[in-house]
Amino acid sequence: MIAVELRKLFRRPRTWATIGVLNALPIVVAVLLAVTDLAPRPGQGPAFLSAVLTNGALFPLAALGIVLPLFLPIAVAVVAGDSVAGEAQAGTLRYLLARPAGRTRLLVGKLVAVLVFVLVTVLIVAAVGFLLGTTLFQAQPLAGTSVSGTTLTAGQLAGRTALAIGYVVVSMCGVAAFALFFSTLTDSPLGATLGALAVLIASSLLLTLDAAAPIAPYLPTRYWLAFVDLFRDPILWRDVSRGLGLQGVYVGVLLAASWANFATKDVKS
Amino acid sequence: MWPGGDPDGFRTVVRMAQGSGAARRWALVTGLVAVLVALPVVIGAWPAPDADRSAAELRAAALSSTDVDFSGYAESAGGLALPATDQLGSVADLFSSRTRMRVWWRGPADNRVDVLTPAGETDVHQDTDGRWTWDFEADRAVRDVSAGGLALPAAGDLLPTTLARRLLSEARPAELSRAGADRVAGRDALALRVVPADAAASVARVDVWVDAGSGLPLQVQVWGKGAGRPAVDTRFLDVALGDPGAAVTAFAPPADARVRAGSGDDVLDEAGRRLSSVSFPGTLAGLPRRTVAGAPPAVGLYGRGVTLLAVVPLPYGVAVDLSRAAAADPDAVRDQLGVRLTAGPLGILLAGDSGVPAYLLTGTVTTDALAQAARALPGLAAA
């Protein structure tokens, strides 16, 4: 079931177009930085971008920081929102359900396919970022400086970058689960995608309000930027572990809700 | 075949069975969500055991806990909306916004305090000879070899441990009382309350939660008189006792960073040079004068504990700038003594007649006490 879903997803030109568009913004930023030599002032702009001019090996992280707040969630919401509702709209859902695999397994298969899409996308963004960073800027690939001013060996830097990539993938699980849940509620992929984006925008907006501080630890986007904590020395695990747990809870609850709704849903198309 | 051969009835029953299945599934999901939502509430409401220890014992334990090694994560939230100025911008931020801090403590002369920002951090590494300040976003390391004394407030001063010791150090036994127990950073903490006795005090009370085991202050709240929320609330969210290791607190600047020697506190030095000296009275508003090492001699400091008052004679140019800035503040109150501002328990009075103020009075005292103090100053007694 999972293999079938993956093949279907990655054979679509639309999937690759989405990944291409995602990479466009970091490329534009890198070229502009290289041409003008104007890094954002420290503390301004996306994470790590101000440090890129001195060490291009940090550009994969800067690229992730650029796509993380908006572009990546949109891509995830589009793909996940399409997963069930798209089949319903195209009239193929009942043929899918005619297979003996069962509806619960179909849901899990759809979610895993979306997560593999996220992983591939993030890896491509990081790889393109690394190529850009090492060709357009002075790179110091042998070592790096942690946020705390200590020296990281090339191995440590690579290990922490891998952790950060993994963390960003997990951070997208909540978006995928929201879009998948909405996708089982409606026959319109657009509706499901916009529903998931509405949740994210509401969450991001509430995070800027002091009055919303009591509910902030439960908002799905609360710990997204915690991947920066992986580059402090010693690593600050507090927000990272909370972020992982929170995404796990959202995936568990929303997958259960999707199952509750979808397992007996009247499928007419 | 369905009894009676009624196909419609059969379909109804099937639909009901499906419906009750869906209802059961939704009930399961709703129950799961309810348990998840209730968990933090239940954990937060779980009572903490109190211990039979007097307020004086707790104060002594807190003051002598400077040798307790620990590491932790703390957050402070300031409710003071201080006027923003160029030179004191970082100080105003400290008291008006949320600050996230990590600390590794191996004693007063060997510790490290990191102030975390979303995409960087500013770290202060203290050693026996001085301190390193590392600013990631500016890629800069600054070495200060100052011998202590007076300095502008820095984030490390807002750590519960440091702030509590400062506020408790001058409290009198009669001002102390116990205020129950609570759980802070997952540890049992005994609460200690300071209610300042001075009539001039604008601080209603200071609550300090002290770790029952080690004596470390874990949380501090400063409440202004009549305020609905604390003016300063700083607490640990994680604490681990034990030596964090010398490798964590030590610092060597990265090879490519800009390194420079610190120039001390420009604002304080400037103040010492430009202020004219005035003969201050021995007491103001019932508060005795005090001396603080490192403070410019032209500044009069009064009070004790959490009730403090500073009086600064203003040079003409500064006075004009300040009164213009104060006049732009919609909350400023103007009367025959000058212009008054309040930020939580902190009062500010620009005192002087004929439009240009001669003194800046500020501190954790009531506006009445500010006015009373201003009338006693040389040159203003007639006002």
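The structure presented is a predicted model; accordingly, all values stated were derived computationally and were not measured. Throughout, residues of each chain are indexed from 1 in the direction in which the sequence is written. The lettering of chains begins at A and the numbering of ligands begins at 1, in the order of writing. Local features in this predicted model are restricted to residues of pLDDT 70 or higher, and side-chain atom pairs are both shown and tallied only at a pLDDT of 80 or more, whereas totals for entire chains, interfaces and linings draw on every residue. Side-chain numbers here rest on the full set of heavy atoms in the structure, without hydrogens or water.

## Some points on the pattern of salt bridges
Salt bridge criterion: a side-chain nitrogen from Lys or Arg within 4 Å of a carboxyl oxygen from Asp or Glu. Per the counting criterion, the structure on display carries 27 salt bridges over all chains. A salt bridge links B:Glu75 to B:Arg98; its shortest N-O distance comes to 3.2 Å. In this pair, B:Glu75 is assigned in strand β1 (residues 70–78) and B:Arg98 in strand β2 (residues 98–105), connecting sequence segments 23 residues apart. A salt bridge links B:Glu170 to B:Arg290, with the shortest nitrogen-to-oxygen separation between them at 3.0 Å. In this pair, B:Glu170 is assigned in the loop between α4 (160–169) and β7 (176–184) and B:Arg290 in strand β14 (residues 287–290), connecting sequence segments 120 residues apart. A relative accessible area of 24% means that B:Arg290 is categorised as partly exposed. Among the ionic contacts, a cluster of salt bridges with common partners joins A:Glu5, A:Lys8, A:Glu87 and A:Lys110. Strands here mean DSSP runs of E at least two residues long; helices mean DSSP runs of H or I at least four residues long; both are numbered from the N terminus. Throughout, exposure labels follow a simple rule: accessible area from a 1.4 Å probe, protein chains only, divided by the maximum for the residue type, with under 20% read as buried, over 50% as exposed, and the rest as partly exposed.

## Observations concerning the interface of chain B and chain A
The interface is formed by 35 residues belonging to chain B together with 31 residues belonging to chain A. Linking chain B with chain A are three salt bridges, by the criterion used here. Among the salt bridges present, the one from A:Asp239 reaches B:Arg100, with a minimum N-O distance of 3.2 Å. A 3.5 Å cut-off defines polar contacts: any pair of N or O atoms within that distance qualifies, except that in protein one atom must be a possible hydrogen donor and the other a possible acceptor, and neighbouring residues in sequence count only when both atoms are side-chain atoms. Linking chain B with chain A are eleven residue pairs in polar contact (both at pLDDT 80 or more). Of all elements in the fold, only α1 (7–45), β2, β3 (111–117), β4 (120–126) and β11 (232–241) of chain B reach the threshold of two or more residues within the side of chain B that touches chain A. In terms of residue count, α1(B) provides more of the side of chain B that touches chain A than any other element does, ten residues in total. In this count, Pro and Cys sit with the nonpolar residues alongside Ala, Val, Leu, Ile, Met, Phe, Trp and Tyr, while Asp, Glu, Lys and Arg are called charged and the others, Gly among them, polar. Among the residues forming the side of chain B that touches chain A, the class breakdown is 21 nonpolar, three polar and eleven charged. Contacts are assigned to residue pairs that have any heavy atoms within 4.5 Å of one another.

## Re the sheet that holds β2(B)
All names here are of chain B. Reading across from one edge, β7-β8-β9-β10-β11-β1-β2-β3-β4-β5-β6-β12 is the order of the twelve strands in this open sheet, with mixed pairing throughout. Only two strands of the sheet have a single partner each, and these edge strands are β7 and β12 (258–261). Adjacent strand axes in the sheet meet at a mean angle of 15 degrees when their direction is disregarded. In this sheet, β4 lies alongside β3 in antiparallel orientation, the contact comprising seven bridges. DSSP bridges decide pairing: two strands pair if at least two such bridges lie between them. Here, axes are lines fitted to C-alpha atoms. For helices the fit covers the stretch in contact, and angles between N-to-C directions go from 0 to 180 degrees.

## Describing the packing of helix α3 (residues 59–67) of chain A against helix α6 (residues 103–136) of chain A
All names here are of chain A. It is at 7 Å that the axes of α3 and α6 come closest, and there the two elements cross at 130 degrees. On the basis of their axis angle, the class for α3 and α6 is oblique. Between α3 and α6 lies a crossing of right-handed hand. Packed against α3, whose contacting residues are Phe59, Pro60, Ala63, Leu64 and Val67, the element α6 presents Val122, Val125, Ala126, Gly129, Phe130, Leu132 and Gly133 at the interface. Angles are sorted into four bins: roughly parallel if under 35 degrees, roughly antiparallel if over 145, roughly perpendicular if 65 to 115, and oblique for all others. Handedness of a crossing is defined here by the sense of rotation of the near helix relative to the far one, left-handed for an anticlockwise turn of less than a right angle and right-handed for a clockwise turn.

## What to know about the environment of B:Arg102
Mapping B:Arg102 onto the fold places it in strand β2. Each C-alpha atom of the pair B:Arg102 and B:Ser71 lies 7.6 Å from the other, and the pair is 31 residues apart in sequence. With residues near it in sequence (within four places) discarded, B:Arg102 still touches A:Arg232, A:Pro234, A:Ile235, A:Leu236, B:Gly72, B:Tyr73, B:Arg112, B:Val113, B:Asp114 and B:Leu116. Within the structure, the side chain of B:Arg102 is placed 2.8 Å from the backbone oxygen of A:Pro234, a separation counted as a polar contact.

## Some thoughts on the UniProt feature "transmembrane region" (unreviewed entry) in chain B
According to UniProt, the positions carrying the feature "transmembrane region" (unreviewed entry) are residues 26–46 of chain B. Within residues 26–46 of chain B, the helical portion is 95% and the strand portion 0%, while the C-alpha atoms at the span's ends are 30 Å from each other. UniProt positions are given in the numbering used here, feature names are shortened, and annotations may be inferred rather than shown by experiment.

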